[in-house]
Amino acid sequence: MEIRPVTLPDVPYDATSVRPEWRDLPRRVREAISLRLGSPVVAARSAGGGFTRAFAAVLTTEAGSSTFVKAAPLREPTSEWYAREAAITHALPDSVRAARPRWTLAESGWYALALDAINGRIPSLPWSRPHVEAALEAWSTAAAALSTPPPALNGLPHLPEILRTEMSWWSLIESGHERMPSTASGTIAPSRLRELAALERALPALAAGTGMCHGDLRVDNVMIDKSGAAWLCDWTWPCLGAPWYDTVTLLVSAYASGLDVDAYLRPWNPPPGGVDGALAALAGYWLVRAADGPSSASPHSRQHQRFSGTQALAWLAERRGWPSP
């Protein structure tokens, strides 16, 4: 296989966040968190990755303990996401390598979630082979454990329905209900619109499944610990579907890193047309979102979406033998 050049995002994934510091939280919220921690907070290391503007930091206490704490005002949707994450991570099987919740609290109009602190970091791009293989091993173990979802997590949404309602942008563009996003200019999208839309429409049936998927598996939702093992973070958007789909979403950044991503995918046995459909749908979603105006999330979210969308589209073009525009 011809060696591809490495493509990197404008901003490293461990430096995308824009968050309040510990001192920015209301005094009563800080006091309540410190009380639950059992000792005064003497250091706070803010999470550099992620795109929400909510508080997220490893808090170290005077007693020497470290805990990862997320917090957001109750009036903001992020607080609901954190509450969902608390319930989901509490229910995960022991074999799933993910931080577990310690406690939650509501104080002065804020919600806080405390999780086990992982002594590790987001994988650097370009991905190294050991790191991508560790991430795939962690996801393979998790997917096997979640092939029958925990009973406590009844009512999860189905991936095919998510794909139909939220990730059918090429079909909307083809039908004239949406415009071709400016972020797709200079790509193969305008000349391959009909094929992209057809791949997108065929995907939901191919991605159906009864196992629990992570739903947002990407490089900045992985942590590599000191032993080289990978942990899977931010269990906020799980759904029921085929696990190979999450593997595709994780490997988009590995494609940009020049790795042989199709070789990594083979053990997952995706159905014919499934990977191409996933790449088409992901590219459409990310490129349309990247063309939106300023976001209430981190200002770096749009560049992440453009980077991810163009790389998904490039991977798809390579797989299908589409020449560059």
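One can find the structure itself at the top, above this paragraph.
First, a word on scope: everything that follows refers to the structure included in this document. (Residues numbered from 1 in each chain as written. Predicted model: local features only at pLDDT ≥ 70, side-chain atom pairs only at ≥ 80, totals over all residues. Heavy atoms only, no water.)

Regarding empty space enclosed by the protein
(1) Moving on: Following the criterion strictly, the structure yields 1 cavity of 30 Å³ or more and no others.
(2) Moving on: By volume, the largest cavity amounts to about 80 Å³.
(3) Moving on: Lining of the largest cavity is provided by Y13, R218, V219, D220, T249, L250, V252, S253, W286, H304, F307 and S308.
(4) Moving on: Broken down by secondary-structure element, the contributors of at least two residues to the lining of the largest cavity are α7 (243-256) and α10 (301-320).
(5) Moving on: No other element matches α7, which puts 4 residues into the lining of the largest cavity.
(6) Moving on: Here the residues of the lining of the largest cavity are counted per class, giving 6 nonpolar, 4 polar and 2 charged. (1 Å grid on protein atoms, 1.4 Å probe; cavity = no way out; pocket = protein on both sides within 12 Å on 5 of 7 lines; lining within 4 Å. Points joined across faces, edges and corners; volume = space filled by probe spheres on them. Helix = DSSP H or I, 4+ residues; strand = E, 2+ residues; numbered from the N terminus. Nonpolar A, V, L, I, M, F, W, Y, C, P; charged D, E, K, R; others polar.)

Focus: the nonpolar core
(1) Moving on: Judged by nonpolar contacts, the single largest core of 94 residues is most densely connected at W170 and W235.
(2) Moving on: Those residues in contact with W170 that sit more than four places away from it in its chain are M180, A189, L193, L196, A197, E200, A280, A283, G284 and L287.
(3) Moving on: Core analysis: the next-biggest nonpolar cluster, separate from the first, contains 17 residues, V29, L37, V41 and L59 among them. (Core = buried A, V, L, I, M, F, W, Y, C linked by side-chain atoms within 4.5 Å. Buried < 20%, exposed > 50% of the residue type's maximum accessible area, 1.4 Å probe, protein only. Contact = heavy atoms within 4.5 Å.)

Focus on the packing of aromatic side chains
Aromatic ring pairs: the centre-centre distance and the angle between the two ring planes describe each pair.
(1) Moving on: With the rule as written, the count across this model stands at 7 aromatic pairs.
(2) Moving on: Both rings, one in Y13 and one in F51, keep their centres 6.5 Å apart while their planes meet at 90 degrees; by these two values the pair is edge-to-face. A residue pair is termed long-range when its members are at least 10 positions apart, and Y13 in the segment before α1 (27-37) and F51 in the loop between β1 (41-46) and β2 (55-61) qualify at 38 residues.
(3) Moving on: The class of F51 is buried, set by a relative accessible area of 9%. (Phe/Tyr/Trp six-rings, centres within 6.5 Å; stacked < 30°, edge-to-face > 60°.)

Section: the pattern of salt bridges
(1) Moving on: What the rule picks out here adds up to 15 salt bridges.
(2) Moving on: The partner of R102 in a salt bridge is D116, and the shortest N-O contact between them spans 2.8 Å. Remark: D116 occurs in strand β5 (residues 110-116) and R102 occurs in strand β4 (residues 101-107); sequence separation between them is 14 residues.
(3) Moving on: Using a relative accessible area of 43% as the deciding quantity, one classes R102 as partly exposed.
(4) Moving on: On the basis of relative accessibility, which here comes to 29%, the residue D116 falls in the partly exposed class.
(5) Moving on: Several salt bridges converge on common partners, so that one network encompasses D262, D276, R319 and R320. (Salt bridge = Lys/Arg side-chain N within 4 Å of Asp/Glu carboxyl O.)

Regarding the packing of helix α9 (residues 274-290) against α10
(1) Moving on: Where α9 meets α10, the closest approach of the two axes is 8 Å, and the angle between their N-to-C directions is 150 degrees. In terms of orientation, α9 and α10 fall into the roughly antiparallel class. The handedness of the crossing between α9 and α10 comes out as left-handed.
(2) Moving on: Tallied by class, the residues present in the contact of α9 with α10 amount to 11 nonpolar, 5 polar and 6 charged. (Axes fitted to C-alpha atoms, helices over the stretch in contact; angles between N-to-C directions. Parallel < 35°, antiparallel > 145°, perpendicular 65-115°, else oblique. Left-handed = near helix turned anticlockwise from the far one by under 90°.)

Describing the sheet that holds strand β8 (residues 222-225)
(1) Moving on: Spatial ordering of the open sheet is given by β6-β8-β9, a layout of 3 strands whose pairing is antiparallel. Of all strands in the sheet, those bounded by a partner on one side alone are β6 (120-121) and β9 (230-232).
(2) Moving on: For β8 and β9, the ladder comprises 3 bridges, and the chain directions are antiparallel. Residue pairing across strands places M223 opposite W231, the latter belonging to β9. (Pairing = 2+ DSSP bridges.)

A few points about helix α6 (residues 193-206)
(1) Moving on: In this model, α6 (14 residues) spans 20 Å end to end at C-alpha, consistent with the 20 Å of a helix rising 1.5 Å per residue.
(2) Moving on: Of the residues making up α6, those classed as buried are L193, L196, A197, L199, E200, L203 and P204. Viewed along the axis of α6, the buried residues span an arc of 160 degrees, placing them on a single side of the element. The outward face of α6, more than 90 degrees from its buried face, is lined by the exposed residues R194 and A205.
(3) Moving on: Those residues of α6 hidden inside the fold are in contact with α4 (159-166), α5 (169-174), α7, α9 and α10. (Expected span 1.5 Å × (residues − 1). Arc of directions from axis to C-beta.)

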